[in-house]
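Structural overview
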Amino acid sequence: REPPPGTEAYIPQRFPDNRIVSSKYTFWNFIPKNLFEQFRRIANFYFLIIFLVQLIIDTPTSPVTSGLPLLFVITVTAIKQGYEDWLRHKADNAMNQCPVHFIQHGKLVRKQSRKLRVGDIVMVKEDETFPCDLIFLSSSRGDGTCFVTTASLDGESSHKTHYAVQDTKAFHSEQEIDALHATIECEQPQPDLYKFVGRINVYHDRNEPTARPLGSENLLLRGATLKNTEKIFGVAIYTGMETKMALNYQSKSQKRSAVEKSMNVFLIVYLCILISKALINTVLKYVWQSEPFRDEPWYNQKTEPERKRNQFLQAFTDFLAFMVLFNYIIPVSMYVTVEMQKFLGSYFLTWDEEMFDEDTGEGPLVNTSDLNEELGQIEYVFTDKTGTLTENNMEFVECCIEGHVYIPHVICNGIGLGPFKGQVTYYTREELFFRALCLCHTVQVKDDDNVDGLKKSQLSRRSRIYISSSPDEVALVEGIQRLGYTYLCLKDNYMEILNRENNREKFELLEVLSFDSVRRRMSVIVKSSTGDIFLFCKGADSSIFPRVKEGKIDQIRSRVERNAVEGLRTLCVAYKKLTAEEYSNAQKMLQNAKLALQDREKKLAEVYEKIERDFILLGATAVEDRLQEKAADTIEALQKAGIKVWVLTGDKMETAAATCYACKLFRRNTQILELTTKKIEEQSLHDVLFDLSKTVLRHSGSLTRDSLSGLSTDMQDYGLIIDGAALSLIMKPRQDGSSGNYRELFLEICRNCSAVLCCRMAPLQKAQIVKLIKLSKEHPITLAIGDGANDVSMILEAHVGIIGKEGRQAARNSDYAIPKFKHLKKMLLVHGHFYYVRISELVQYFFYKNVCFIFPQFLYQFFCGFSQQPLYDTAYLTLYNISFTSLPILLYSLMEQHVSADTLKREPSLDVAKNALLRWRAFIYWTFLGVFDAVVFFFGAYFLFDNTIVTSNGQMFGNWTFGTLVFTVLVFTVTLKLALDTHYWTWINHFMIWGSLLFYIVFSLLWGGIIWPFLNYQRMYYVFMQMLSSGPAWLGIILLITVSLLPDVLKKVLCRQLWPTATERIQVKIFFCVISF
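Residues numbered from 1 in each chain as written. Predicted model: local features only at pLDDT ≥ 70, side-chain atom pairs only at ≥ 80, totals over all residues. Heavy atoms only, no water.

Per an unreviewed UniProt entry, the protein chain goes by Phospholipid-transporting ATPase and derives from Chrysolophus pictus. If you open the UniProt record of the protein chain and go to Sequence similarities (unreviewed entry), you find "Belongs to the cation transport ATPase (P-type) (TC 3.A.3) family. Type IV subfamily." Regarding the protein chain, the relevant UniProt record gives this comment under Cofactor (unreviewed entry): "Mg(2+)". (UniProt positions renumbered as here; feature names shortened; annotations may be inferred.)

Focus: the UniProt feature "binding site: Mg(2+)" (unreviewed entry) in the protein chain
Mapped onto this structure's residue numbering, the UniProt feature "binding site: Mg(2+)" (unreviewed entry) falls at Asp384, Thr386, Asp787 and Asp791. The greatest C-alpha distance among the residues just named is 10.8 Å, despite their covering 408 residues of sequence, which places them together in space. Mapped onto the elements, aspartate 384 comes out in the loop between β14 (380-383) and β15 (390-401). Not counting residues within four places of it along the chain, the set of residues in contact with aspartate 384 comprises Leu389, Leu648, Thr649, Lys766, Ile785, Gly786, Asp787, Asp791 and Met794. (Helix = DSSP H or I, 4+ residues; strand = E, 2+ residues; numbered from the N terminus. Contact = heavy atoms within 4.5 Å.)

Some details on the sheet that holds strand β8 (residues 198-202)
Taken in spatial order, the 3 strands make up an open sheet running β7-β8-β9, and their pairing is antiparallel. Unpaired on one side and paired on the other, β7 (182-186) and β9 (210-214) mark the two borders of the sheet. Averaged over all neighbouring strand pairs, the angle between strand axes comes to 20°, with direction disregarded. Bridging between β7 and β8 involves 5 bridges; their strand directions are antiparallel. (Pairing = 2+ DSSP bridges. Axes fitted to C-alpha atoms, helices over the stretch in contact; angles between N-to-C directions.)

Digging into the nonpolar core
Counting residues in each nonpolar core, the largest one holds 91 residues, and the members touching the most others are Phe853, Tyr872, Phe967 and Leu970. By residue number, the principal contributor to this core is helix α27 (residues 823-860), which donates 16 residues. Those residues in contact with phenylalanine 853 that sit more than four places away from it in its chain are Tyr328, Tyr872, Tyr876, Leu877, Tyr880, Phe967 and Leu970. If you look at the next biggest cluster of nonpolar residues, it comprises 39 residues, including Phe396, Leu432, Val474 and Phe507. (Core = buried A, V, L, I, M, F, W, Y, C linked by side-chain atoms within 4.5 Å. Buried < 20%, exposed > 50% of the residue type's maximum accessible area, 1.4 Å probe, protein only.)

Observations concerning the packing of aromatic side chains
As enumerated under the stated definition, the model contains 58 aromatic pairs in all. Between phenylalanine 863 and phenylalanine 939 the ring centres are 6.2 Å apart and the planes differ by 70°, which places this aromatic pair in the edge-to-face class. Of the two residues, phenylalanine 863 sits in the loop between α27 and α28 (874-884) while phenylalanine 939 sits in helix α31 (residues 920-947), which places them 76 residues apart along the sequence. Phenylalanine 863 gets classed as partly exposed once you look at its relative accessible area, which sits at 41%. Accessibility expressed as a relative area gives 26% for phenylalanine 939, which makes it partly exposed. Among the aromatic residues, those joined into a ring-pair cluster are Phe853, Tyr872, Tyr876, Tyr880, Phe884, Phe967, Phe999, Tyr1000, Phe1003, Trp1007 and Phe1024. Here the guanidinium or amino end of lysine 111 rests over the ring plane of phenylalanine 102, the centre of that ring lying 4.9 Å away. A cation sits over an aromatic face here: arginine 557 above phenylalanine 545, 4.5 Å from the ring centre. (Phe/Tyr/Trp six-rings, centres within 6.5 Å; stacked < 30°, edge-to-face > 60°. Lys NZ or Arg CZ within 6 Å of the ring centre and 35° of its normal.)

Okay, here's the thing in structure tokens:
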């Protein structure tokens, strides 16, 4: 709608409709866009060039030999990506077509969600999700509030309270809402879920409009769900792809695994080998043809155009022809096999019943299968504390008022606790403390008619159900209830409490100074029934103590520190009394700051700073957050595997340190090093860093993955504690413009510590720490695990990101999700280990079998005058990588277990060191093994043919029989090599390995046993049968296979006997245990 006349200049803006599009392709652009994306891959593009060369020039092999494998790879990948995109389309359509209730001409109308436009007024009922970003106008609740869960946005399942606009919260009918006349000014769409700045101008009877501020508490986000509220009305403000949820869809930076990087490097090496081979053959061809009788023999005279042809062009054409002949050394099907292995392998994680959590009814979730093998290569684990290591299930333990400790239903300090009036001296402060905790919060009371079968009127003090976005707040309100003060409700801006004498007290809620992670405190301004105005504040001790002017600070501080050492979460409570004039000034400052459209947060922070000062300290509270089950076992196992565990938390140092001792991150003999603000105040940052550096470097060399895995309880190890302020100083560029020196020193200290605790960390600092370690000179592989929105930045920064229980639906930012921290042990030490070992063997084996395949072709050129004559038939060239050798390795890479899962859990030290199976040494071994086998195939067959009459009627074999013999030995050798490497045999392995060999024999018999009408040549007719009819050929095949496999078998036996690895020692131990049993 257009605004009323007389308003400022109005420029109509074009807003998008409410359609959500998360799909990548449309029906029309799928083929071109998908082909473009696939040919950006270097291997696919290379094979396309080879295929085009085969089409353009006269090459020794048919274009089918390159075209068919390429078509297979492109088709399989396109089908997989098309199916995934079809699922996205399906999800988008379900979302866009779901019904929404609009208000039109004072009536409710039902339409599809995609037809919603900015300015439409929508009604949403309980348990429905909001169809777009809405400004909250009114609610069925009298106080104009509603409860919302944002699990699908930020992973937090707790209830959050939102507030309707003050001037519209009384509108409850469709007619009243439809008669509303207002304009809204707000910021352009942006992805921050917790930030919104706007202003609503409500027009009453054409008078001057009333301006009200709009903040994130008035904004209901798309994807959030309405809870515990019958219905709400809201006006659409951001729709479709401009909603905050859609803006958070942006694709994460592509994470590439170490295996993929190694693959690409190996591919470049093989490309260089290929070019070298083609170059050598081209040069040798012209050397060979330098003598006239070889260049132009009597049986193959050149034509006149051939003699006049440009020599350079002829040489280039020959070079390309050799490239085509040897191009199979680059395995085109490796990429598709790796993709299938990752995709299918990820199901083993989701199907794992041991990782299923009975309490939540949920199991692990895989959001990207591209990083499976990285799970087995993790060197650093960065974990959040609250909700990840701990249960995030708070329980009130005690409170300390004026130095006296109050524990529910316990006698302490000579004072009986429970319903009592207390000593007169402390009565006032004690009463104020309890009232402060009853009033200073954002808790709501659940508004059900029946709670567990009891009517509202029958509800006792204890059966009330409190809802809040913070579990701490609920624990405090419930704890104070056990001490005699009950929070009843917030109604018409009045907060009601029940005191010890069962009398109701009403306080008018004047202002709420919301909690934020920078201030680390929240305040309320309330007015009592006697007219007194109080400001109650609760927050972290570091945030309250500097603002206190009186109270028993020392006694309360010592109690807070004692509780923190025991691992309890502490909060301090303070108050001050305001005069009417002070409150009036505060209200004006707050109102001006709230109405600001620019820098609203900064202005509010300045106002809060002015108001929240000169407090009288009342006391402190302690809340317990229990450790998750088996968290300590998991950390111990990870450390034994050589993985360094860092805890990054916003909690205070003492609380976090106590949790670290409880979960065995720090051991009893761990020497704790502190790099905190307190230390830096005593000495300069430079001195502190150098002192710590000297301490840790007494033991020469940094703590490597291997030495860490051998940590015993006797060995001296170090634990570092750093806080957010100290980290800021380390990361801050120095005056000369460099920050590298301090960072390097800090990293050196960290490398020599077995565990690090970072406390008082802001979300961005968590990401900074991960980035700092990730980009250090060793480039370690990192994993971050957290359970909420404040951990998202660190999860996105790490190589692998995992979200815990809170983020089940919101885990879009993570790569994996697991229900509990304890499941990390099996995920990394078992699944990750298997993924890495399997895919490493797959990659090395692919290169090996292609060297075996193409090197005989290279050797053959020396015996055919470099004429580009192929050794193998076209069908064999085409099907070698697609059919004859692809399925056994795919199955191996899915099923192989060189040791059992139970053994890996018992022996964490078996974890594979950094990319050990894909280092140059292993790569060169596999390559030379391939070259050796190829030499055996070729020369073994050559000498067999050279010196023997191989058929019963005295006929000699032709070149196609020679090639078929080499190919037969090749297929059997590479398949049996895989069989020798297999430790874990199942009927599927047997079926695939022996089935592949059988398929090759059956195919060869059919291919050579029938005259195929569609072929323009019949060179393979009866070749295979003739070869099999020869006794020397059978003997040769068996002998050559044995000779080819012998070096690898000998190497395995000798290495196992003389230099056994940890894995091999375990295998032998298990073998003898089974024998003796």
